[in-house]
2 protein chains.
Amino acid sequence: MEISDGRELSAQKVRYLKFIAEKGGRVRTTDLAGEFGVDPSTITKTIAELAKTGLLSHEPYHGICLTAEGQRYARYLVKRHRILSLMLTHYGFSHEQACEEAKRFESYVSKDAVDRICAAMGHPGQGVCGEITHDDGCLAREPAG
Amino acid sequence: MEISDGRELSAQKVRYLKFIAEKGGRVRTTDLAGEFGVDPSTITKTIAELAKTGLLSHEPYHGICLTAEGQRYARYLVKRHRILSLMLTHYGFSHEQACEEAKRFESYVSKDAVDRICAAMGHPGQGVCGEITHDDGCLAREPAG
DNA sequence: TGAAAAAGTTGGGCACACCCCAAAAATGGG
DNA sequence: CCCATTTTTGGGGTGTGCCCAACTTTTTCA
């Protein structure tokens, strides 16, 4: 895959992660399977791979939740989405259109670019689909424990 | 794949196609293999798949060139690249940085979005890495012959 | 002009991401 | 405590993209 966020997660894994973050708390296999229209077994397997990265923990039969590191990373993913969506609204996109379009390509935009765009827009506090937080300075450089 | 340009070409195929268009004329297997750092046999196989779409013709041992349809499509790809690069320069990217960043995600931006951004920028005639042409109105709706 | 070098193609195979199905296991409400 | 629901396991499939070895074609140049 050709991901540009400092981690080697595929676009699909990023989508799963973002969904888990936005839903919050304990997420069930069925929630993900329903949201993405895939078989639950697909979710189980993909979640197992994500768990190995340390971004989430999966207690079999009891749900999925993000680790502290996963939450920090997910905050970045959400921020990225909102920064890019906001950028698109500068080009005549409605909020909803911007949101949809950003989903298409956000996984392929480098963190460096997101930071730059964020800075150029004056670190906005409000995006098109929610608040924008600016606390991702230490992404992917956290001790394991 | 999750491509958003109205065709179902993967990002990699799009890169190959864009390279062929930018180089112009008859392109050799070796040119592509060198540019992308892959084995020549990989190029041969991928080109065979692209040839089936009618975007280019491949005369074995004698090179690759775009069909009229391929040229029209490639013009869109180049325009897309230049529009997105130009957009990025509005956020503090240098020309070269904008160009590199655009390459990362351009394949995932919908044609609709490119058109909208193009319009919002006033259909610019000059991009960061060359002229921008605006003749892609009839993409992907051309008779085969 | 003809053999060696270079360029290109074929066939086989590998890795990764992502997906589904059937069957088995675990959970939890009645 | 049983049965319906949820979830996991094991097996399998597809598509993309890549490499290697062996072979064919083209080109070069002595």
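The rules behind each value
- Residues numbered from 1 in each chain as written.
- Chains lettered and ligands numbered in written order.
- Predicted model: local features only at pLDDT ≥ 70, side-chain atom pairs only at ≥ 80, totals over all residues.
- Heavy atoms only, no water.
- Contact = heavy atoms within 4.5 Å.
- Buried area = accessible area lost by both parts, 1.4 Å probe.
- Polar contact = N/O pair within 3.5 Å; in protein donor to acceptor, adjacent residues only side chain to side chain.
- Helix = DSSP H or I, 4+ residues; strand = E, 2+ residues; numbered from the N terminus.
- Nonpolar A, V, L, I, M, F, W, Y, C, P; charged D, E, K, R; others polar.
- Near = heavy atom within 4 Å.
- Least-squares fit on C-alpha atoms with pLDDT ≥ 70 in both.
- Axes fitted to C-alpha atoms, helices over the stretch in contact; angles between N-to-C directions.
- Parallel < 35°, antiparallel > 145°, perpendicular 65-115°, else oblique.
- Left-handed = near helix turned anticlockwise from the far one by under 90°.
- Salt bridge = Lys/Arg side-chain N within 4 Å of Asp/Glu carboxyl O.
- Buried < 20%, exposed > 50% of the residue type's maximum accessible area, 1.4 Å probe, protein only.

**Section: the interface of chain B and chain A**
Note on interface size: it is often stated as the accessible area lost on association of the parts.
And step 1. If you look at the interface, chain B gives 23 residues, while chain A gives 23 residues.
And step 2. In total, chain B and chain A occlude about 2000 Å² of area from one another, counting both sides; carbon and sulfur atoms represent 57% of this.
And step 3. The interface formed by chain B and chain A includes five residue pairs in polar contact (both at pLDDT 80 or more).
And step 4. Put simply, the parts of the chain that give the side of chain B that touches chain A at least two residues each are helix 1 (11-23), helix 4 (68-89), helix 5 (95-105) and helix 6 (111-120) of chain B.
And step 5. Of the residues that constitute the side of chain B that touches chain A, the class distribution is 13 nonpolar, five polar and five charged.

**Remarks on the protein's contact with DNA strand D**
And step 1. Taken together, 22 residues lie near DNA strand D, and Arg-28, Thr-30, Lys-45 and His-58 of chain A together with Ser-10 of chain B sit nearest.
And step 2. Taking all atoms of DNA strand D within 4 Å of the protein, the share assigned to sugar and phosphate is 69%.
And step 3. Between DNA strand D and Thr-44 of chain A, the relevant distance is 2.6 Å, taken from a phosphate oxygen to a side-chain nitrogen or oxygen of the residue.
And step 4. Between Thr-42 of chain B and DNA strand D, the recorded distance is 3.3 Å, taken from a side-chain N or O atom to a phosphate oxygen.
And step 5. Where the surface near DNA strand D is concerned, the elements lending two or more residues are helix 2 (29-36) and helix 3 (40-52) of chain A together with helix 1 and helix 3 (40-52) of chain B.
And step 6. At four residues, helix 3 of chain A tops the list of elements feeding residues into the surface near DNA strand D.
And step 7. Across the surface near DNA strand D, the residue classes break down as six nonpolar, 11 polar and five charged.

**Details of the relation of the copies chain B and chain A**
Mapping between the two chain copies consists of a rotation about an axis together with a translation along that axis.
And step 1. Rotating chain B by 180 degrees about the axis while translating it 0.0 Å along that axis superimposes it on chain A, leaving an RMSD of 0.1 Å. Put plainly, the chains are arranged around a two-fold axis. Distance from the rotation axis, computed per C-alpha, reaches its smallest value in chain B at Phe-105 of chain B: 2.9 Å.
And step 2. Looking at the interface residues of chain B, 100% of them are also at the interface in chain A, so both copies use one shared face.

**Thoughts on the packing of helix 4 of chain B against helix 6 of chain B**
Residues and elements named next belong to chain B.
And step 1. Taken N-terminus to C-terminus, the directions of helix 4 and helix 6 make an angle of 55 degrees; their axes are 10 Å apart at the nearest point. Between helix 4 and helix 6, the interaxial angle falls into the category oblique. In the crossing of helix 4 with helix 6, the sense of the turn from one axis to the other is left-handed. Judged by residue contacts, Tyr-76, Lys-79, Arg-80, Ile-83, Leu-84 and Met-87 of helix 4 engage Lys-111, Val-114, Asp-115, Ile-117 and Cys-118 from helix 6.

**Considering the protein's contact with DNA strand C**
And step 1. With respect to spatial proximity, 22 residues lie near DNA strand C, and among them Asp-39 of chain A together with Arg-28, Thr-30, Lys-45 and His-58 of chain B are the closest.
And step 2. Protein-proximal atoms of DNA strand C, defined as those within 4 Å of the protein, fall in sugar or phosphate at a share of 67%.
And step 3. In this structure, His-62 of chain A approaches DNA strand C through a side-chain N or O atom, which is 3.1 Å from a phosphate oxygen.
And step 4. Here a phosphate oxygen of DNA strand C and a side-chain polar atom of Thr-44 of chain B are 2.8 Å apart.
And step 5. Of all elements in the fold, only helix 1 (11-23) and helix 3 of chain A together with helix 2 (29-36) and helix 3 of chain B reach the threshold of two or more residues within the surface near DNA strand C.
And step 6. A total of four residues in the surface near DNA strand C trace back to one element, the largest contributor, which is helix 3 of chain B.
And step 7. Class assignment of the residues belonging to the surface near DNA strand C gives a composition of six nonpolar, 11 polar and five charged.

**Considerations on the pattern of salt bridges**
And step 1. Taken as a whole and judged by the stated rule, the model has 14 salt bridges over all chains.
And step 2. Between Glu-49 of chain A and Lys-13 of chain A there is a salt bridge, with the nearest N and O atoms lying 3.0 Å from each other. Taken together, the residues span a long stretch of sequence, with Glu-49 of chain A in helix 3 and Lys-13 of chain A in helix 1 at a distance of 36 residues.
And step 3. Look at Lys-13 of chain A and you get buried, because its relative accessible area is 17%.
And step 4. The residue Lys-111 of chain B makes a salt bridge to Asp-115 of chain B at a minimum N-O spacing of 3.1 Å.

Remember, this is a structural readout, not a statement about activity or role.
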